[in-house]
Amino acid sequence: TSSSAPTANGPGSPTTAAPVPASPTLTSPTSTSHVVVAGEHLWSIATQQVAAAAGRSPEALTPADVVTYWVQLCMTNRPHLRSGNPSLVYPGEVLELPPTPPA
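What this report covers is the structure whose coordinates are included nearby. Owing to the predicted nature of the structure, the values given are computational and were not obtained by experimental measurement. (Residues numbered from 1 in each chain as written. Predicted model: local features only at pLDDT ≥ 70, side-chain atom pairs only at ≥ 80, totals over all residues. Heavy atoms only, no water.)

**Points about the packing of helix α1 (residues 42–54) against helix α2 (residues 63–77)**
At step 1: Orientation of α1 relative to α2, taken along the N-to-C sense of each, is 115 degrees, at an axis distance of 9 Å. Relative to α2, the crossing made by α1 is right-handed. For the pair α1 and α2, the contacting residues are L42, W43, I45, A46, T47, Q49 and V50 in the first and P63, D65, V66, V67, Y69, W70, L73 and C74 in the second.
At step 2: When its residues are assigned to classes, the contact of α1 with α2 shows 12 nonpolar, two polar and one charged. (Axes fitted to C-alpha atoms, helices over the stretch in contact; angles between N-to-C directions. Helix = DSSP H or I, 4+ residues; strand = E, 2+ residues; numbered from the N terminus. Left-handed = near helix turned anticlockwise from the far one by under 90°. Contact = heavy atoms within 4.5 Å. Nonpolar A, V, L, I, M, F, W, Y, C, P; charged D, E, K, R; others polar.)

Below, the structure written as structure tokens:
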């Protein structure tokens, strides 16, 4: 005879643990995400992304080169920003990076 002892997840086998949902605040960065560091803002992040995609230095870009991507970055992340305001991002926030335009 075998008995089933209760586990932290309730009665049953110790191998049948309930799935643990991922916490949205602990999202790990991927190639399509960016963790905000102190001093950054969405414009600077957009500039870095466009420059990298174009193979140019950020200083070589004009506002016209960056604005379309910046708008996409703002629209993609606004609902997920702690402040709800694209002008105010906090260090540690994880941003979703939209695809960069072709070079």
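**Here's the deal with the nonpolar core**
At step 1: Grouped together as the largest cluster of nonpolar side chains are 15 residues, with contacts concentrated most on L42, I45, L73 and L95.
At step 2: Breaking this core down by element, the ones donating at least two residues are α1 and α2.
At step 3: Looking at which element gives the most residues to this core, the answer is α1, with five residues.
At step 4: Filtering out sequence-adjacent residues up to four positions away, L73 remains in contact with L42, I45, A46, E96, L97 and P98. (Core = buried A, V, L, I, M, F, W, Y, C linked by side-chain atoms within 4.5 Å. Buried < 20%, exposed > 50% of the residue type's maximum accessible area, 1.4 Å probe, protein only.)

**Some words on α2**
At step 1: Here α2 is 15 residues long and its end C-alpha atoms lie 20 Å apart, about the 21 Å a rise of 1.5 Å per residue gives.
At step 2: Summarising the contacts, the buried residues of α2 are in contact with α1 and β2 (94–96). (Expected span 1.5 Å × (residues − 1).)

**Considering the side chain of T47**
At step 1: Here T47 shows up in helix α1.
At step 2: Using a relative accessible area of 11% as the deciding quantity, one classes T47 as buried.
At step 3: The contact partners of T47, leaving out residues within four places of it in the chain, are P58, L61 and V66.

**Describing the pattern of salt bridges**
At step 1: If you walk through the whole model with that rule in mind, you get one salt bridge.
At step 2: Between R56 and D65 there is a salt bridge whose closest N-O contact spans 3.6 Å.
At step 3: Here D65 falls in the partly exposed class, since its relative accessible area comes to 30%. (Salt bridge = Lys/Arg side-chain N within 4 Å of Asp/Glu carboxyl O.)

**Concerning the side chain of E93**
At step 1: With respect to the helices and strands, E93 occurs in the loop between α2 and β2.
At step 2: One buried charged side chain, E93, makes no salt bridge at all; its nearest oppositely charged neighbour is R82, positioned 5.1 Å away.
At step 3: A distance of 2.7 Å separates a polar side-chain atom of E93 from the backbone nitrogen of R82.
At step 4: A polar side-chain atom of E93 sits 2.7 Å from the main-chain amide nitrogen of Y90. (Lys, Arg positive; Asp, Glu negative; His and termini not counted. Polar contact = N/O pair within 3.5 Å; in protein donor to acceptor, adjacent residues only side chain to side chain.)

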